[in-house]
Amino acid sequence: MKTKIIFIICSALISCTVTNAQWAHNLFGISWEIGIPVSNNDFLKKTSMEGGKIEYRHKIKENLTVGGFLNWRSYYEYFPTATYENPEKTQAVTTDMYRYIYNLPMGANVHYYFKAGDMFKPFAGLGIGAQYSEQSMYYNIFLAEDKNWGFLLRPELGTIIKFQEQWGALIGATYSWSTNKNDRLGIKSLGDVNFQIGLVFTD
Amino acid sequence: MKRIIVAGLILGCLISCRKTPDTSQLTNKFVVTTVRDPNANFASYKKYAISDTVAYISNTPSADSIIVGAIATSLVNAVKTNMNARGYTLVPRTQQFDLGMKITVIKQVNAGVVYPPGWWWGYPGYPGGCYWGCYPPYYPYPIAYSYTVGDVLVDLIDVKNAGSSHHLASIWLMDGGGVMSSLTQTNVDLAVDAINQAFAQSTYIQTN
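It should be emphasised that the depicted structure is a prediction, and the values quoted were computed from it without experimental measurement.

Caption draft 1: Region of interest: the overall build of chain B. Looking only at helices and strands, one finds 3 helices and 8 strands in chain B. Reading chain B from its N end, one meets helices and strands in the order α-β-β-β-β-α-β-β-β-β-α. Burial status across chain B gives 23% buried among its 208 residues. When contacts within chain B are restricted to residue pairs at least 6 apart in sequence, long-range pairs at least 24 apart make up 77% of them.

Caption draft 2: View of the interface of chain B and chain A. At the junction of the two partners, chain B supplies 26 residues and chain A supplies 28 residues. Counting residues per element, the ones that place at least two in the side of chain B that touches chain A are helix H1 (2-16), strand E1 (31-36) and strand E8 (169-179) of chain B. Classifying every residue of the side of chain B that touches chain A gives 13 nonpolar, 9 polar and 4 charged. Relative to E1 of chain B, strand E4 (residues 91-113) of chain A runs antiparallel, the two sharing 4 bridges. Each residue of the ladder has a partner; that of alanine 92 of chain A, found in E1 of chain B, is threonine 34 of chain B.

Caption draft 3: Local environment of helix H2 (residues 70-85) of chain B. All names here are of chain B. With 16 residues, H2 extends 22 Å from end C-alpha to end C-alpha; this agrees with the ideal 22 Å at 1.5 Å per step. Taken as a whole, H2 has its buried residues at Ala72, Leu75, Val76, Ala78, Val79 and Met83. Angular distribution of buried residues about the axis of H2 spans 145°; they occupy a single face of the element. Exposed residues lying more than 90 degrees from the buried face of H2 are Ala70, Asn84 and Ala85.

What counts and how
Residues numbered from 1 in each chain as written. Chains lettered and ligands numbered in written order. Predicted model: local features only at pLDDT ≥ 70, side-chain atom pairs only at ≥ 80, totals over all residues. Helix = DSSP H or I, 4+ residues; strand = E, 2+ residues; numbered from the N terminus. Buried ≥ 20, exposed ≤ 12 C-beta atoms within 10 Å, placed from the backbone. Contact = placed C-beta atoms within 7 Å. Nonpolar A, V, L, I, M, F, W, Y, C, P; charged D, E, K, R; others polar. Pairing = 2+ DSSP bridges. Expected span 1.5 Å × (residues − 1). Arc of directions from axis to C-beta.

Quick look at the structure:
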């Protein structure tokens, strides 16, 4: 799946341009996202299928837009019963648990669009903003939860596929990095790779 | 403008769709926690004594008491079995002993009121079967719930080194806790399992 998406994006970037068709002034996008954690894998590492994104882009130049975005993503993974000890081996706890991370990245974005055919609009972009995150552990009837904010950076690559004048498809990949910190769980930052597919509406 | 309104509605719906884990997969067994004194030398102790009764504490103060009989025997025997297997010798409390052991059970009842989110408790679709034209039921009234959380605690007290000041230090503590069943025998089984697990994760409790 990952290989096919990268192939589509690269094909769109490499293809020769014939014309630089008039592009919309405003774009509203809504996407479904798959997320793969690439940091803190000892806390959890299971891929998330529960993610989404909405975004707005406003054209300021023919090949440049600025706007904003809001994402949401839930990661969770079940860990069977195990015994956990502190480094000094003076405390131990035995339980099974669900570990859970909920991320809410948000911010401003800028996108540069490469010249391509009328149908494809490949882009490279950068999102800057903040991320709200909750890291939780569910065990028996108990919940241990931490909430924090962090600074966020999100480079991305993708393409818009224009089906009709006022709507099309959006596919892409992003890397999210944020400074969310959790001393109790030994988390110094959060990072994940996301693949999105969605719809765009323009005017 | 209409598109913005539609987008706003979609945004509101999507943000509310936050996936949380299906915690029904979590086991009902108690969470077992043990803590030890890092300076205690468990190999230096030989004899231990333990009461045949169990202290009972609840969030209903008037209900605090002592548990005797079969329930207390089950818990006390679980501790004795593990201590004897580790090489310690049980003696009556009238004799001199190195370690004193005490079992306490805590019960806490938690209650609340929930207002169900309307159709099918907020989930789409109906669970099978049609009633009065396949319309899902709607709950216009609040629902009261309660659950009970319990803990079984075992203390290991250093009597040998109490000295003339009678300073009784707890050198090991176990806490097995979690949601309790409505069945007494189930709760006893949960507590015995917790005691066994506590010793299993405390391999340092061993005499020479």
